[in-house]
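Examination of the molecular architecture
One letter stands for each residue in the lines below.
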Amino acid sequence: MELDIAVDFEDFFPSMVERLGAEGFIGELCNGFRLLMDCERGLITFESLKRNSILLGLNDMRDDEIVCMLTEGDLDGDGALNQVEFCILMFRLSPGLMDGSKQWVEDYDVV
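Residues numbered from 1 in each chain as written. Predicted model: local features only at pLDDT ≥ 70, side-chain atom pairs only at ≥ 80, totals over all residues. Heavy atoms only, no water.

The helix and strand inventory of the protein stands at six helices and zero strands. For the protein, the succession of helices and strands along the chain, N to C, is α-α-α-α-α-α. Partitioning the contacts of the protein with sequence separation of at least 6, the portion at a separation of at least 24 is 44%. A total accessible area of about 7800 Å² is found for the protein, and carbon and sulfur atoms account for 56% of it. (Helix = DSSP H or I, 4+ residues; strand = E, 2+ residues; numbered from the N terminus. Contact = heavy atoms within 4.5 Å. Areas by Shrake-Rupley, 256 points an atom, 1.4 Å probe, with all protein chains shown as cover.)

Structure (structure tokens):
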């Protein structure tokens, strides 16, 4: 089944890094993680992502899309995202950060 959906995507992460600096940007990613996580488990789970995506106005997300999002970032195979997995996923999904990652690392001395 092929989907024919055009989506405009504007990547704001590079401008956030410019404005906030590396530490501020990572702090904002961590805030996003906390917004989506299950407070009892400290992880983003299927249930927490589904519940919180509705609160963010993304109530048209299907269950298979949510599972796909979790699978994309789940590096340890536990079916949920911890904070590190979430931050890595957000970085990987940002074309601007991926294109400029070497320069970003050099500019902000991130290692």
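The next subject is the environment of Phe33. With respect to the helices, strands and loops of the structure, Phe33 is situated in helix α1 (residues 13-36). Since its relative accessible area comes to 3%, Phe33 is described here as buried. Sequence-wise, Phe33 and Gln83 are 50 residues apart; in three dimensions their C-alpha atoms are separated by 6.3 Å. Setting aside its immediate chain neighbours within four residues, Phe33 contacts Gly42, Leu43, Ile44, Leu81, Asn82, Gln83 and Phe86. (Buried < 20%, exposed > 50% of the residue type's maximum accessible area, 1.4 Å probe, protein only.)

Turning to the packing of aromatic side chains, a few remarks are in order. Under the counting rule described, the total for this entry stands at one aromatic pair. Between Phe33 and Phe86 the ring centres are 5.9 Å apart and the planes differ by 55°, which places this aromatic pair in the tilted class. Taken together, the residues span a long stretch of sequence, with Phe33 in helix α1 and Phe86 in helix α4 (residues 83-92) at a distance of 53 residues. The residues Phe33 and Phe86 share a single accessibility class, namely buried. (Phe/Tyr/Trp six-rings, centres within 6.5 Å; stacked < 30°, edge-to-face > 60°.)

Our next topic: helix α3 (residues 63-73). Looking at α3, one finds that the buried residues are Ile66, Leu70 and Gly73. Around the axis of α3, the buried residues are gathered within 75° of arc, so they sit on the same side. (Arc of directions from axis to C-beta.)

Attention shifts here to the packing of helix α2 (residues 46-55) against α3. Their axes nearest at 10 Å, the elements α2 and α3 cross at an angle of 120°. It follows from the interaxial angle that α2 and α3 lie oblique. Between α2 and α3 the crossing geometry is right-handed. Seen from α2, the contacting residues are Phe46, Leu49 and Lys50; seen from α3, they are Asp63, Ile66, Val67, Met69 and Leu70. (Axes fitted to C-alpha atoms, helices over the stretch in contact; angles between N-to-C directions. Parallel < 35°, antiparallel > 145°, perpendicular 65-115°, else oblique. Left-handed = near helix turned anticlockwise from the far one by under 90°.)

Another point: the packing of α3 against α4. Packing of α3 against α4 brings their axes to within 9 Å, and their N-to-C directions diverge by 100°. It follows that α3 is roughly perpendicular to α4 by the angle criterion. Between α3, through Met69, Glu72 and Gly73, and α4, the contact on the second element is made entirely by Glu85, Leu89 and Arg92.

Before going further, it helps to examine a nonpolar patch on the surface. Residues Leu35, Leu56 and Leu58 make up a contiguous nonpolar surface patch of roughly 280 Å² in combined accessible area. Note on placement: Leu35 falls in helix α1. (Patch = residues over 30% accessible without salt bridge, like charges linked within 9 Å, V, L, I, M, F, W, Y side chains within 5 Å. Salt bridge = Lys/Arg side-chain N within 4 Å of Asp/Glu carboxyl O.)

Structural measurements only, silent on function.
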